[in-house]
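Coordinate inspection notes
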Amino acid sequence: MSVKLNIDPLTRVSGFLKIEVQVENNKIIDAKCTGSMFRGFELMLKGRNPFDVIYFTERICGICSTAHSYVSSQAMEKAMEVKVSQLAMYIRDFIHGAEFLQNHLRHFYLYTLPDYVRGPKINPVYNEDLSDYRIPENIEQRINRSYIRALEISSLAHQILALLAGKAPHNHGIFIGGVTSNLDANIIFTVEEKLKTISGFIENNMLKDVYDIAEYYKDYFTKGSSGKNFLSYGLFDNYIEKEIFYVKPSAMIKGQLEAFNADYIDESINNSWYEKDPKGDITDNRNKEGAYSFVKTARYKGEAMEVGPLARMVLCGEYKKGNASMDRILCRVLEVNKVAMIMQNILKLIKESYISANSLEFKTYEIPNIAKGEALRDTTRGALGHWLTIENKAINTYNIITPSVWNLGPSESPKSLGVVEKALIGTSIENISSPVEVGRIVRSFDPCISCATHIHGNNFKDIEYSII
Amino acid sequence: MDNKNKSCNAMDEVVVKVKKKCREITKDLEEGKYQKMNLIWFEANGCSGNIISLLNASDPEVGYFLKNMVNMTYENSIMSTQGQKAYEKFLDTLNTEFILVVEGAVSLKDNGKYNVVATYNDIEITAKDAIKLASRKAKYILAVGNCAAYGGISAAVPNPSGCISLPEYIKDKWIIRLPGCPCNPYWVVGTIGELITRGLLEIDKDNRPIEFYGNTIHDACPRRGYFEKKIFAKTLGDKECMLRLGCRGPVTRANCPIVEWNDRSSWPIGINTPCIGCTNPGFPDKMEPFVRY
């Protein structure tokens, strides 16, 4: 017997996500991921002042806005040939690190945990009816206390961001040339104190919590594998210090590691609610036949690639176990611990620089008449690319491929499924009236649909479109 | 000069008042003077940054807010239930006394299909229709964030998803506007605090609480001295008045200079960048360029 199950909204993600699975004899035989919202940032950016793209694009996403300011500022620097001083780079990377802390803390406690524990007794978090519930009460109570504490700890991460970049979400401090904030001793030591508190929580609470979840849900080390295709644009890779360096741009296809080449990035709209109009422009069409998502499809060498913490940990050689849901959750927590340590080491460099009285230089910039720039960097959820062109001192084209496009994009064809779709297919569903497996697998990817729904710009020379 | 001092003092008083109020709430709860009100936090077409901003609340903290001030029954980003059951929580709340908070703009394109929020009995539910349904029954309605309050970035030219603000969409109800990109959690928690205790709110002609939006950024800007002496910053990063770099402080109503952001960690002018007018109608289009040299 074959049944179709719809989970809409798949809550505890950023934005709106619908998952549809076809289940036959208690096994998922088909899956579709639908990003159900659209705003059209690429269309909005056309004609705008290039200086404004940083504050503009970060508003794509409320939970990972710094990711977009981090990448868009570097795309602008490339277009304008601006060189960033070492100190400014340290501070910007540190700010980006704070966004990692906020995202991973909130994703693990607020978005992931309610799939495994009933949660603290506050609405809308507490879930008395949680099925497949396995954690003993004393451990559950400890994890629930961590949840409450994580609310506060994750805010601390945003406070670090605000101290150095003005506010969060939607910071002001990341700009062309690096950052705008002046350091002083108060800021340095306040940031250090908050970072230590966060690190303490990760080491003493979060790691214990994730290992307990992993222990009681061992079967999730075999559920939700997307295959062995991983991609990263590199993260903390501009450092020679080995305690800071993390992962260089790299790819793994069917388990084979290879050097990254941006020319292999490609995108398509076969099953997305977009189409090419007679002029060759890409426009949205919610009624396009056969299409089922506002997310487009991204491919690398024609392959669907998983991006995110698991991809990075595998690509840098630190994680050698599996590639299923629990591996993904575990890697996110191991990574937040690692990023907190990396940040402590970057802070040392910032301090050294401060002690030797290096200060930031602030300049004015002129917008070029014609230019193009791009930045491909890994950020919280994985590989994020911004490509822009400037004509007549205004933005002409702007294209964005977010991590959630890689992970949650629809299939390109029946033979070329999306990453999350692949991870779902083949999974056994124990109780068809309460398919908890689906949510657990999908959330392990940390979907962000506010980020994921983008048209791609036309006339973009660097990208060959494959529109069939 | 006297007038200026007066406005600064008035804003300081606002801070004291709201803090005191949060303490009073604890007391009131103990004495059983009022019950927590149900609250639907509805994400429409936007970045979901206002719920993230609420999680950053510190006066009081969000955990306290959720435990003691409201009973949040529906919120897409943090609720444990999912799918049809989640939407049923939304529907169940409509039969109670509740506050409706909307963040994000209302997308009208293709009859709302650019912002589908649920599938209910195999029917797609659009944000537009769900908001209409809830607004009829809500005791209070709050448009939180610039997209809900004025259309914001979701409605930026050429407005590809046909977005409008909540007050443009729901015309027959009183809607409190709490603009900002995102809305400062201080403003949301403070406003809800007023509603559940006094049930009163002093608002301006645009339905913004005067407590938070009564003065301009410029009124209480710590760089006002530079402005008076006409000493202007030349680039982002300088410490002087940023009017000539495009600062929108003089035309932007919000108490950022007083309450700042993220537990008073800092604010945009504090880290040497101009105010971009994110609480204003017309943001972003009419506030651009954000930065000019």
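Let's shift gears to the confidence of the model for chain A. Summing up the model confidence of chain A, the mean pLDDT is 94 and the portion of residues at 70 or higher is 97%. In the predicted structure, residues 458–468 of chain A sits below a pLDDT of 50 and forms 31 contacts with residues beyond four places in sequence or in another chain.

In this section: the layout of surface pockets. To find the voids left in a structure, one rolls a probe of water-molecule size over its atoms. Roughly 920 Å³ of volume is contained in the largest pocket. A:Ser434, B:Thr81, B:Gln82, B:Gly83 and B:Lys85 are, among the 37 residues lining the largest pocket, the residues nearest its centre. Per-element tally for the lining of the largest pocket: the top contributor is helix H4 (residues 83–93) of chain B, with 6 residues.

Across the boundary between the two partners, chain A contributes 75 residues, which contact 76 residues of chain B. Of all residues in chain A, the largest losses of buried area upon contact with chain B belong to A:Phe16, A:Pro124 and A:Arg286, amounting jointly to 11% of the total for that side. Where chain A touches chain B, the interface holds 4 salt bridges. Notably, a salt bridge pairs A:Arg286 with B:Glu124, separated by 2.9 Å at the nearest N-O pair. Viewed at the interface, chain B and chain A are joined by 38 residue pairs in polar contact (both at pLDDT 80 or more). Looking at the side of chain A that touches chain B residue by residue, the class counts come to 35 nonpolar, 26 polar and 14 charged.

For the rest of this paragraph, the subject is the packing of aromatic side chains. Applying the stated criterion across every chain, the model contains 30 aromatic pairs over all chains. Look at A:Tyr116 and A:Tyr217: their rings are 4.8 Å apart centre to centre, the planes differ by 75 degrees, and that puts the pair in the edge-to-face class. On the criterion of sequence distance, the pair formed by A:Tyr116 in the loop between helix H4 (86–112) and helix H5 (137–165) and A:Tyr217 in the loop between helix H6 (185–216) and strand S6 (230–232) is long-range, its members being 101 residues apart. For the pair A:Tyr116 and A:Tyr217, a shared accessibility class is recorded, and that class is buried. A connected cluster of aromatic rings, assembled from ring pairs, spans A:Phe51, A:Tyr55, A:Phe175, B:Phe283, B:Phe290 and B:Tyr293.

Here we come to the environment of B:Ala143. Residues and elements named next belong to chain B. Along the chain, Ala 143 turns up in strand S7 (residues 140–144). Assessed through its relative accessible area of 0%, Ala 143 is described here as buried. Spatially, the C-alpha atoms of Ala 143 and Ala 105 are 9.1 Å apart, while their sequence positions differ by 38 residues. Those residues in contact with Ala 143 that lie beyond four places of it in its chain are Val 102, Ala 148, Ala 149, Leu 166, Pro 167, Ile 175, Ile 176, Arg 177 and Leu 178.

A few words now on the pattern of salt bridges. Residues and elements named next belong to chain A. Counted under the stated rule, the structure contains 40 salt bridges over all chains. Between Arg 134 and Asp 132 there is a salt bridge, with its nearest N and O atoms 2.9 Å apart. A residue is classified by how much of its surface remains accessible, and Arg 134, at 29% relative accessible area, is partly exposed. Here Asp 132 falls in the partly exposed class, since its relative accessible area comes to 29%.

Looking now at the packing of H4(B) against helix H6 (residues 127–137) of chain B. Residues and elements named next belong to chain B. Direction vectors running N to C along H4 and H6 enclose 30 degrees, while the axes themselves pass 9 Å from each other. The pairing of H4 with H6 is recorded here as roughly parallel in orientation. Between H4 and H6, the residues in contact are Tyr 87, Phe 90 and Leu 91 and Ala 130, Leu 133 and Ala 134, respectively. Here the contact of H4 with H6 is built from residues that sort into 6 nonpolar, no polar and no charged.

The next point concerns the nonpolar core. Judged by nonpolar contacts, the single largest core of 176 residues is most densely connected at A:Phe94, A:Leu101, B:Leu142, B:Trp187 and B:Ile192. Here this core gets 15 residues from one element, more than from any other, and that element is H4(A). With residues up to four places along the chain from it excluded, the contact list for A:Phe94 reads A:Ile160, A:Leu164, A:Val191, A:Leu195, A:Met343, A:Ile346, A:Leu347 and A:Ile350.

Time to look at the confidence of the model for chain B. All names here are of chain B. With 88% of its residues at a pLDDT of 70 or more, chain B has an overall mean of 91. Considering only residues more than four positions removed or in separate chains, one finds that residues 1–19, a stretch of pLDDT under 50, has 26 contacts. If you check the scores for this complex, the pTM reads 0.94 and the ipTM reads 0.96.

Residue and element names in this part refer to chain B. Spatial ordering of the open sheet is given by S2-S1-S3-S7-S9, a layout of 5 strands whose pairing is parallel. Where the open sheet ends on each side, the last strands, each with one partner, are strand S2 (70–75) and strand S9 (175–178). Sheet twist, expressed as the mean angle between neighbouring strand axes with direction ignored, is 25 degrees. Summarising the sheet, strand S3 (residues 98–103) and S7 pair through 5 bridges and their orientation is parallel. If you follow Val 102 over to S7, its bridge partner there is Ala 143.

Attention now moves to the state of the cysteines. Under the definition given, this model contains 0 disulfides over all chains. The thiol sulfur of A:Cys61 is not disulfide-bonded, and the nearest other cysteine sulfur, from A:Cys64, lies at 3.1 Å.

Calculation criteria
Note on numbering: residues in each chain are counted from 1, in written sequence order. As they are written, the chains are lettered A onward and the ligands numbered 1 onward, keeping that order. Local features in a predicted model are, by the rule used here, given only for residues with pLDDT of at least 70; side-chain atom pairs are given and counted only at 80 or more, and totals for whole chains, interfaces and linings are based on all residues. Heavy atoms throughout the structure, all of them, feed into the side-chain values; hydrogens and water do not. Scored from 0 to 100, pLDDT records how confident the predictor is in each individual residue. Should any heavy atoms of two residues lie within 4.5 Å, those residues are counted as being in contact. Both site types are read off a 1 Å grid over the protein atoms alone. A 1.4 Å probe that fits but cannot get out defines a cavity, while an open set with protein on both sides within 12 Å along at least five of seven lines defines a pocket; lining residues have an atom within 4 Å of a point. Grid points are joined across faces, edges and corners, and a volume is the space filled by probe spheres set on the points. Every helix listed is a DSSP run of H or I at least four residues long, and every strand listed is a run of E at least two residues long, numbered separately from the N terminus. Values labelled buried area give the accessible surface lost by two parts on being combined, using a 1.4 Å probe and summing over both. Only one rule defines a salt bridge in this text: a Lys or Arg side-chain nitrogen within 4 Å of an Asp or Glu carboxyl oxygen. Each polar contact in these results corresponds to two N or O atoms within 3.5 Å; when the atoms are within protein, one needs to be able to donate a hydrogen and the other to accept it, and residues that are neighboring in sequence are counted only if both atoms are side-chain atoms. Asp, Glu, Lys and Arg are counted as charged, while Ala, Val, Leu, Ile, Met, Phe, Trp, Tyr, Cys and Pro are counted as nonpolar; the rest, among them Gly, fall into the polar class. Put simply, two rings from Phe, Tyr or Trp (the six-membered ring, in Trp's case) pair if the centres are within 6.5 Å, and we call them stacked under 30 degrees between planes, edge-to-face over 60, tilted for the rest. Remark: exposure states derive from per-residue accessible area (1.4 Å probe, protein chains only) relative to the maximum for the residue type, with buried under 20%, exposed over 50%, and partly exposed in between. A fitted line through C-alpha atoms represents every axis, and for helices the fit uses only the stretch in contact; the resulting angles, taken between N-to-C directions, go from 0 to 180 degrees. When an angle is under 35 degrees it counts as roughly parallel; over 145 it counts as roughly antiparallel; between 65 and 115 it counts as roughly perpendicular; any other value is oblique. The criterion is simple. A nonpolar core is a set of buried Ala, Val, Leu, Ile, Met, Phe, Trp, Tyr and Cys residues joined through side-chain atoms within 4.5 Å. Here the rule is simple: two strands pair whenever DSSP picks up at least two bridges between them. Cysteine sulfurs are considered disulfide-paired once they come within 2.5 Å of each other.

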